[in-house]
Structure formats: structure tokens, C-alpha cells
Amino acid sequence: MSCTPTQHVEWPRIEITLFRIFICVEDPNDANFTGHIMTKKQSESVHVHDNGLPALPYLVIRIDGESRGVKSSGTGFFYMFENGERQIPTVITNKHVVDGLDALTFHFALSDSQGRRLLQASEPVTIETKSYKIIRHPNPSVDLVAIPILPMYKEIEKRGKEPFRLTLDKSHLPADWLRKRLVASTSALMVGFPNGLMDIANNLPLTRRGILATPYVANYEGLPNFVVDIAAFAGSSGSPVFALFESGVPTSDGAISIGESEPLLTLIGVLHSGPTITAEGEIIPEPAPVSKNVVETRFMMHLGYCLRAELIEDLGLILASAMQRVRT
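Rules used throughout
- Residues numbered from 1 in each chain as written.
- Predicted model: local features only at pLDDT ≥ 70, side-chain atom pairs only at ≥ 80, totals over all residues.
- Heavy atoms only, no water.
- Helix = DSSP H or I, 4+ residues; strand = E, 2+ residues; numbered from the N terminus.
- Buried < 20%, exposed > 50% of the residue type's maximum accessible area, 1.4 Å probe, protein only.
- Contact = heavy atoms within 4.5 Å.
- Areas by Shrake-Rupley, 256 points an atom, 1.4 Å probe, with all protein chains shown as cover.
- pLDDT = per-residue confidence, 0-100.
- Core = buried A, V, L, I, M, F, W, Y, C linked by side-chain atoms within 4.5 Å.
- Pairing = 2+ DSSP bridges.

Novice: Help me understand the overall build of the chain, please; the structure alone is not making it clear to me.
Specialist: When helices and strands are tallied, the chain shows four helices and 20 strands. Within the span of the chain, comprising 328 residues, buried residues form 49% of the whole. Partitioning the intrachain contacts of the chain with sequence separation of at least 6 by distance along the chain shows that 74% fall at a separation of at least 24. In the form shown here, the chain has an accessible surface area of approximately 15,800 Å², with 54% of it arising from carbon and sulfur atoms.

Encoded structure:
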């Protein structure tokens with residue numbers, strides 16, 4: 001077996017063969033974005049749950065796509081943007097998770113009358129990509145989108161059910177002083193649906209653990225990326241990546257707290273791709289002709305490329321600008 005040098009690849013969306021019933025949302029957008037916005041008073045229930053490790057599986061959502069009969073799967077996570085007194089709940093994922101697809105199905109969790117998450121199969125909502133506003137990062141090298149989800153919440157409520165609401169926001173991003181402490185070997189957690197795998201019965205993702213392979217503040221290969229040493233596969237695209245300090249928790253004054261502080265957990269990035277090693281493989285059609293067809297076989301390297309989390313807030317500025325143009 002002969003190997004070629006390492007290549008940087010964008011993971012393909014994992015194709016799945018599971019049969020799903022798609023529930024269409026009719027006209028999920030209105031012209032003035034009001035269907036996507038919540039006032040702070042309306043969103044009081046969003047942050048009633050404590051942050052921390054137990055919340056991680058509840059922050060992500062599986063996204064299934066379909067185009068011309070081909071099905072795919074990726075990961076997204078809930079993120080709240082603020083614009084004055086208004087808040088915009090969204091799902092953050094990669095451009096390549098949604099681009100080129102005709103329909104996207106989001107697998108929401110439901111809550112009981114007390115606001116607690118129900119451990120049961122998902123409540124799917126499907127949107128048509130041509131008619132739904134998806135906010136793309138303007139930088140071609142930043143593989144991020146924000147998808148406003150309030151219309152999807154309203155669709156679930158019309159069915160007489162209550163969606164479970166728990167989001168990340170700007171307060172979960174690392175402070176400037178903490179970014180400098182995110183060195184290579186820092187513990188990292190990633191939550192998502194690798195190869196489409198999940199606990200379908202309870203609508204839960206898989207959480208994996210690794211370390212930062214490069215310093216957070218260094219622009220890996222000149223781009224706003226860092227690298228994690230963590231098990232990452234197709235379907236993991238769009239997964240949130242967190243830094244975890246369990247012992248030796250850093251503090252803003254440059255000290256380290258040992259044995260007295262709660263573990264520190266902060267959102268540091270979004271997985272988008274990873275390196276592979278390619279090997280030459282040979283396909284011999286039947287009956288075998290004289291000529292030979294060569295295909296490329298790729299092997300994962302247990303590494304992932306992540307966009308730095310502060311880039312998410314750029315999408316909030318685009319949303320705010322769009323709303324301002326509507327008002328004027």
C-alpha cells in the first residue's frame with residue numbers, strides 16, 4: 001500500500017438510509033424578521049437551566065438533509081443573539097451542512113409542563129431551503145451559518161407541544177484573558193452525531209473528549225482555526241467544541257484555583273473539517289477490461305479543524321443589520 005501526503009478535506013455529510021417522514025413548515029419566514037425574534041421577556045424560560053457538563057447533550061440538534069433522494073446528516077447547536085431588547089434564537093452549523101440541499105429536518109426535543117427536557121424520540125420540523133432565511137458568514141473561509149428557529153418553535157407549538165429551549169450565547173465565549181490560557185493539551189469536549197450515530201430513543205447525541213492540538217490564539221495555517229485531537233467523523237460537522245478545566249481552574253488575575261472552584265467550561269469553537277491520509281485503491285469492473293480504474297481511499301487521522309467561537313457573533317451583526325434595513 002502506498003500513501004500520499006496528508007490532505008485537508010471538508011467532511012462529506014454522512015449519507016443515511018433511514019426512512020423519515022418529513023413535516024413541512026409552510027412559509028416559515030415573514031418579510032420583516034418578526035417571526036424570528038423574541039423579546040427578553042418572552043425568552044425568560046430559555047436560561048432557566050444551570051450551565052455545566054450535564055447540559056451539554058441538550059445544546060445540540062441533529063440536522064438531516066435531503067436533495068434528489070439523497071439523505072445526509074450533520075450537527076448544529078442552539079445559540080441566542082441579542083439585539084437591544086430583542087433576542088434571536090438560532091441554530092449554528094456549517095455552510096456545507098446545509099448548502100446544496102432542498103430540505104432540512106431539525107430534530108427538536110420537547111419539554112414537560114415544568115420545562116424539563118423529555119427523554120423520548122425527537123419532534124422533527126422540516127424547512128425548504130429556498131424559502132427559508134439562512135444567514136451565511138460573508139468570509140468564504142469561515143464555514144458558518146445561523147438559522148433562525150423561532151418559526152420552528154411556533155410550528156411545534158401549533159401541534160400542541162412545547163419545544164425544549166436551552167441555548168448558548170455570547171456569555172459562554174471565552175474572555176480575552178482566558179483565550180491566552182487555551183494552550184495545546186487543554187482538555188476539550190465535542191458534542192454531536194458522528195456518522196449519524198445517536199440515541200434515537202431519547203434524541204441524545206454522543207459526547208467525545210480530547211485535547212487542543214494547537215494553541216487557541218494561533219491562527220492555524222493563517223486562518224481563524226485551531227486543531228483538536230479528538231475522534232471526529234462525517235456527521236460531526238457543526239459540532240460545538242468546549243474547553244474544560246476540571247482542576248487547576250485559571251482565574252482572570254492569572255492565578256490557578258485548585259480544589260476550590262467548580263469546573264470551568266467554555267465554548268471555544270465549531271468543528272468543520274479535518275485532515276485525512278489517502279491511499280491508492282483499485283477497482284476492477286466485471287468483466288475485467290484491460291484498463292484499470294483507480295479510486296482514492298481516505299483514512300481519518302483523529303484530528304479536527306475548528307473555527308474559533310468568536311466568529312459566531314459576526315452572524316449576529318448580519319442579523320441585526322438585516323433587521324435595521326427592514327425597519328428603515
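From this point on, the discussion continues.
Novice: What should I look at first to understand the confidence of the model for the chain in this one?
Specialist: For residues with low pLDDT, the predicted coordinates do not support detailed interpretation. A residue-level look at the chain finds 74% of positions with pLDDT of 70 or above and a mean pLDDT of 78. The low-confidence segment residues 1-7 (pLDDT under 50) makes 19 contacts with residues lying over four places distant or belonging to another chain.

Novice: How should the nonpolar core be read in this particular structure?
Specialist: General note: in soluble globular proteins, nonpolar side chains tend to be found buried as a group. Membership of the largest hydrophobic core comes to 50 residues, with the highest contact counts inside it found for Phe77, Tyr79, Phe81, Ile92, Leu144, Leu267 and Ile312. Top element by residues in this core is strand β15 (residues 240-245). It accounts for five residues. In contact with leucine 267, not counting residues within four places along its chain, are Phe77, Tyr79, Leu168, His172, Leu173, Pro174, Pro240, Val241, Phe242, Ala309 and Ile312. Residues Ile61, Ile134, Ile147 and Ile149 belong to the second largest nonpolar core, which totals 22 residues.

Novice: I'm lost on the pairing of strand β5 (residues 70-83) in this one. Help?
Specialist: Along a regular strand, successive side chains alternate from one face of the sheet to the other. Along β5, eleven of the 14 residues are buried, which leaves the element largely enclosed by surrounding structure. Here eight bridges tie strand β4 (residues 60-67) to β5, and the two strands are oriented antiparallel to one another. Among the inter-strand pairings, glutamate 66 is bridged to a residue of β5, identified as lysine 71. Here β4 folds back onto β5 in antiparallel fashion, the turn holding two residues, of which arginine 68 has a positive phi close to 55°. Note: β5 against strand β6 (residues 86-93), seven bridges, orientation antiparallel.

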